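# Secondary and tertiary structure notes
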Amino acid sequence: MALSVVDLRGIYTAYEGGDRPVIKGLSLSVDKGEYVVIGGPNSAGKTTLLESINGLVRITHGNAIVCGLDVAAHPHEVRKKVGYVLQNFYFDPFTPFTVEQVVMMGRYGRLGLFNRITKADRDAASRAMRLVGIEDLANNTIGTLSGGQQQKTMIAHNIAKEPEVMMLDEPFSNLDFRAREYLQGVFKDMVRGGVPILMVAHAFDWLPDVPIHLVVMNQGRISCDGNCRAEEVEEIIRKECSVA
Amino acid sequence: MFSGLKMLEPLISNNVVCYAVEAMVFASIACSILGVIISRMSLSSIGFTMSHAAFAGAAIGMFLETNAQITAIAFSMAVAALIGPVSDKAKMAADATLGVLFAMSMAVAIFLVSYMEYMGKGLSSSSLLFGDVISLYREEIYALAAVCFLTMLFVLAFYREISAIMFNMKMAEATGIRVKLVYYILLFIIALSVSLSLNIVGGLLIFVLLVTPASIAGQFCFNLKSMFIVAPAAALFVSAFGVWAGFEYTLPIAPLVALLLTVAFALSVMLSFKRRINTKIN
């Protein structure tokens, strides 16, 4: 039996000040090497699910074990092992950080306090930039890049982390079809290497031809959780969302 | 233990001038370094909030007829300790929380100053607002030097964490960095710097030192490390010149330095190459 990297059992998640939970009694298991697509209508709780897994949002009930750690008890340790590409970000033109510095920041969590950056860290950052195809932009300040280049930088930032789980929230919204295809190849390799991918998406025409673990969410619950082929994803989601 | 420690005495024979320059040097460096951080984190209002918190604390000390500097430090720390939790609990932006705490501090200070004047205690609050670099004790200079050193040590020790937080706080948190810890240490150091500098350089100049040198650096620097060098250098140069001009022409030093920093900022905006548009076709 495959070892679950993400094991959520009956979790409820609520934001402070909210009058009701956003995630309600959700259970989900993700194994090594799985490609998970999370779909559903707006406000279904997809982003909240990702942020519950890495402890950015508080789980009020239930149990969440990620990479062998209890998320509620060790949120910082969990975040060191989980890559998370945020949905929205904007960097003004005068943001004083280069692409290389931003990618290297992905290593800071695992480095810890007072430890020096090593050659292994620099190599990981260089590898991540090469993998994503932004090594020529290393010395450019991030605010001067296009939206797509900034998105690639944030993906490289998380790849440099060498995560045990990779979560992406609509990572292709600013990317052209060539960049999407290329990065899907990168994610396929990660999955083959045992790193599960959890991706929130609204468009599915670019999904790779690998078995997909499809999770459809609606109103804070999972309405469908199963395996399918890439070409079936959109149809299943449409069906689930129109039934709910 | 440090009574024999010489700093600028070999260079400046006049003790009064020497102490004033030393005080300005340490206050400038500490506040301008912190200013680089708070300007990127959109916490510029922390400057006037903390300076007024120190002002309120000093007023409490005067009211209780105890050491005003200690009460200034204690009250600043208390306000600094409230910023994070109040923002979190009240779900307010940090700037809004700072506004509330600023108003509270100002109210406490004005209430006590007015009450003491009414009671005939004849309290003068001008030194808290405008500072007094003329009559300084050696221990005050040492305390400022220690805070300046602590600030530099904080930035060096936590440079990676600080830079990640300044880049994007949520991303820093998602990376596994202990954002709250670094944030609270930052607030503590700001509180300490402001409260120790308050009666020396005054609340007015503290706020200017927290905001303006970083803004000057921002006009020319494209990366963070250079901002951490240019901001204190600009503050140091202008402050030293202001102290000299103040003594030379018998002018109030702290307001003069504040004005000079503002002029320096205006010049930096005019001269900044960040605003140039390359109109070359080839």
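Above this text sits the structure in question.
For the structure given in this document, a descriptive report is provided here. (Residues numbered from 1 in each chain as written. Chains lettered and ligands numbered in written order. Predicted model: local features only at pLDDT ≥ 70, side-chain atom pairs only at ≥ 80, totals over all residues. Heavy atoms only, no water.)

## Things to note about the sheet that holds strand S1 (residues 4–13) of chain A
Two modes of strand pairing occur in sheets, parallel and antiparallel, and in both the strands are linked by backbone hydrogen bonds. Residues and elements named next belong to chain A. The test is simple: Each pair of strands is called paired provided DSSP finds at least two bridges between the two strands. A run of DSSP states H or I qualifies as a helix once it reaches four residues; a run of E qualifies as a strand once it reaches two. Both are numbered from the N-terminal end. Residue contacts follow a heavy-atom distance rule, with two residues in contact if any of their heavy atoms lie within 4.5 Å. To obtain an axis, a line is fitted to C-alpha atoms, over the contacting stretch when the element is a helix, and the angle between two such axes runs from 0 to 180 degrees between their N-to-C directions.
Spatially, the four strands line up as an open sheet ordered S2-S1-S4-S5, and their pairing is antiparallel. Unpaired on one side and paired on the other, strand S2 (23–31) and strand S5 (69–70) mark the two borders of the sheet. Contacting S1, S2 and strand S4 (59–66), helix H1 (residues 46–53) crosses the sheet at an angle of about 115 degrees to S1.

## A look at the pattern of salt bridges
Any two side chains of opposite charge can pair if their charged atoms end up close together. Residue and element names in this part refer to chain A. Put simply, the rule reads: Put simply, a salt bridge is a Lys or Arg side-chain nitrogen that is within 4 Å of an Asp or Glu carboxyl oxygen. For the exposure calls, accessible area comes from a 1.4 Å probe over protein chains only, and a residue counts as buried if that area is under 20% of its type's maximum, exposed if over 50%, partly exposed in between.
In this structure the tally under the stated criterion is 16 salt bridges over all chains. Between Glu234 and Arg238 there is a salt bridge whose closest N-O contact spans 3.2 Å. Taken together, the residues Glu234 and Arg238, both in helix H8 (residues 233–243) and four residues apart, mark about one turn of the helix. Residue classification places Glu234 among the partly exposed residues on the basis of a relative accessible area of 34%. Arg238 gets classed as exposed once you look at its relative accessible area, which sits at 58%.

## Digging into the interface of chain A and chain B
Just so we agree on the cut-off: Summed over both partners, the accessible area (1.4 Å probe) lost when two parts come together is defined as the buried area. We define a polar contact as two N or O atoms separated by no more than 3.5 Å, with the added condition that, inside protein, one atom must be a possible hydrogen donor and the other a possible acceptor, whereas residues neighbouring each other in sequence contribute only through side-chain atom pairs. Under this grouping Gly is polar, as are all residues other than the nonpolar Ala, Val, Leu, Ile, Met, Phe, Trp, Tyr, Cys and Pro and the charged Asp, Glu, Lys and Arg.
On the chain B side, the residues contacting the 34 residues of chain A number 26 residues. Carbon and sulfur atoms supply 65% of the area buried between chain A and chain B, which totals about 2,600 Å² over both sides. Counting across the chain A and chain B interface gives two salt bridges. The shortest N-O distance in the salt bridge between A:Glu51 and B:Lys170 comes to 2.7 Å. Viewed at the interface, chain B and chain A are joined by six residue pairs in polar contact (both at pLDDT 80 or more). Breaking the side of chain A that touches chain B down by element, the ones donating at least two residues are helix H2 (75–81), strand S6 (82–85), helix H3 (99–105), helix H4 (108–111) and helix H6 (147–160) of chain A. With four residues, H2(A) is the largest single contributor of residues to the side of chain A that touches chain B. Classifying every residue of the side of chain A that touches chain B gives 17 nonpolar, nine polar and eight charged.

## What about the nonpolar core?
The test is simple: Joining through side-chain atoms within 4.5 Å is the link that ties buried Ala, Val, Leu, Ile, Met, Phe, Trp, Tyr and Cys residues into a set, and such a set is a nonpolar core.
The biggest cluster of nonpolar side chains holds 166 residues, and the ones touching the most others in it are A:Tyr35, A:Phe187 and B:Leu205. By residue number, the principal contributor to this core is helix H9 (residues 179–218) of chain B, which donates 19 residues.

## A closer look at the environment of B:Ser197
Residues and elements named next belong to chain B. By the element assignment, Ser197 lies in helix H9. In the structure, Ser197 is positioned 184 residues away from Ser13 in sequence and 23 Å away in space, judged by C-alpha atoms. In this structure Ser197 touches Ala27, Leu144, Gly202 and Ile206, once residues within four positions along its chain are discounted. Engagement of the side chain of Ser197 in a polar contact is seen with the backbone oxygen of Ser193, the distance being 2.6 Å.

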